[in-house]
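The primary structure of each chain is shown beneath.
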Amino acid sequence: MDINKKATVRLTISRILAYAFVLFFCFMCLFFILLLVVNATKTNFQLQGKFSLVPGTNFLANLKSAWTDSSINIPRGMINSFIVALTTSVLTTYFSALTAYGIHAYDFRFKKAIFAFILGVMMIPTQVNAVGFVQLAYKFNLTNQLWLLIIPGIAAPAVFFYMKQYLEATLPMEMVEASRIDGSSEFTTFNRIVLPIMKPAIAVQMIFSFVESWNNFFLPSLLLTEAEKKTVPMMMFQLRSADYSKFDLGKMYMFILLAVLPVVVVYLLVSKSIIKGVTSGSVKG
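Not measured: the values here are computed from a predicted model.

Thresholds, definitions, all that
- Residues numbered from 1 in each chain as written.
- Predicted model: local features only at pLDDT ≥ 70, side-chain atom pairs only at ≥ 80, totals over all residues.
- Heavy atoms only, no water.
- Helix = DSSP H or I, 4+ residues; strand = E, 2+ residues; numbered from the N terminus.
- Buried < 20%, exposed > 50% of the residue type's maximum accessible area, 1.4 Å probe, protein only.
- Axes fitted to C-alpha atoms, helices over the stretch in contact; angles between N-to-C directions.
- Parallel < 35°, antiparallel > 145°, perpendicular 65-115°, else oblique.
- Contact = heavy atoms within 4.5 Å.
- Nonpolar A, V, L, I, M, F, W, Y, C, P; charged D, E, K, R; others polar.
- Phe/Tyr/Trp six-rings, centres within 6.5 Å; stacked < 30°, edge-to-face > 60°.
- Salt bridge = Lys/Arg side-chain N within 4 Å of Asp/Glu carboxyl O.
- pLDDT = per-residue confidence, 0-100.

Peer 1: Hey, could you run me through the environment of Met 206 in this one?
Peer 2: As for its placement among the helices and strands, Met 206 is situated in helix α11 (residues 199-214). Along the chain, Met 206 and Ile 114 lie 92 residues apart, while their C-alpha atoms are 24 Å from each other.

Peer 1: Help me out: how do you make sense of unusual backbone geometry in this one?
Peer 2: Both trends apply: most residues other than glycine have a negative phi, and most peptide bonds are in trans. For Phe 110, which is not glycine, the phi torsion reads 65° and is therefore positive. For Phe 110, the position within the fold is in the loop between α4 (74-105) and α5 (111-122). Its relative accessible area of 53% is what places Phe 110 among the exposed residues. Here the phi dihedral of Asn 144 falls at roughly 60°; this positive angle occurs in a residue that is not glycine. Here Asn 144 is to be found in the loop between α6 (126-139) and α7 (147-154). A relative accessible area of 9% means that Asn 144 is categorised as buried.

Peer 1: Is there a simple way to think about the packing of α4 against helix α9 (residues 173-181) in this case?
Peer 2: Think of two packed helices as two axes; the pair is described by the angle between the axes and how far apart they sit. Interaxial distance between α4 and α9 falls to 12 Å at its minimum, and their mutual angle equals 90°. Between α4 and α9, the interaxial angle falls into the category roughly perpendicular. Contact residues: α4 offers Tyr 101, His 104 and Ala 105, while α9 offers Met 173, Val 176 and Arg 180. Considering only residue class, the contact of α4 with α9 consists of four nonpolar, one polar and one charged.

Peer 1: Would you mind going over the packing of aromatic side chains with me for this structure?
Peer 2: Aromatic rings in a pair are described by how distant their centres are and how their planes are angled relative to each other. Enumeration over the complete set of coordinates arrives at 12 aromatic pairs. A ring pair is formed by Phe 24 and Phe 25, whose centres lie 5.4 Å apart and whose planes are at 70°; its orientation type is edge-to-face. Ring centres of Phe 31 and Phe 32 lie 5.4 Å apart, and the angle between their planes is 80°; on these two criteria the pair is classed as edge-to-face. Within the aromatic cluster, the residues linked to one another by ring pairs are Tyr 94, Phe 95, Tyr 101, Tyr 106 and Phe 190.

Peer 1: In this structure, what is going on with the pattern of salt bridges? I would like to understand it.
Peer 2: Between side chains of opposite charge, a pair can form as their charged atoms come close. Counted by the stated rule, this structure contains five salt bridges. Because the salt bridges share partners, they merge into one network encompassing Glu 177, Arg 180 and Glu 186.

Peer 1: Any chance you could explain the confidence of the model for the protein here in plain terms?
Peer 2: Atomic detail in the predicted coordinates should be set aside for any region of low pLDDT. Summary statistics for the protein give a mean pLDDT of 83 and a share of 91% for residues scoring 70 or more. Here helix α14 (residues 249-282) stands out as the least confident element of the protein, with mean pLDDT 74; α4 is the most confident, with 90. Here residues 281-285 scores under 50 on pLDDT; set against residues more than four positions off or in separate chains, the count is six contacts.

Dropping the structure here:
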């Protein structure tokens, strides 16, 4: 009995510590989001005063001021970022899934070498790959085009690797063989049978790709110079050069809130699929 009591006490303490750590990290993550929202409701005078978590009453005024600001066209920047991020996430996940399916479902010469090559590309920093791409863009006068930000994102070795691991865990090859016997083409088999099975994995990688593309500053800063083509990260960078002694802090916090809001909304829409994708891909059936 004593041994059982000690084991129960240890288990209880372990659970309490685990919950304490989880609550602490949740608080650390959510606190700064809460602080951002609260600061976006205050006036410049209130923000220059004492620290407080009490919301202000200037939310709509800050929103109007930020949305209609002539120096930083946040609506245009959000549209540009949304086009790039959404298109990149869709194309990245689709072609990565298609490549993973080809490597997983077919046996051909140099299959292992191609797989190793793709993983090797994953080790190369993005900045190194971008050098030659940027040089070509300037050589052929292709700058200030949003599609230039989409094309490099399509080839994503990390997404491909995740998709392949997911296929190995969830795709029964008997289904593929049965569809071939029924006369289905390879693309029809992939689009109608394989893709529905991969929905959780696609949701996971779409949100990751969307966030990465939305927050991408390196490549847009090199390729986009026109104000109408700038993305949200570039506009946020402009805030660093502002004179904070004359700048409205309430409007600045509203700028930041508008910049992160689409990412939060997209995450909330696919959060269930993300959890399902992580748990389904982690255990082989």
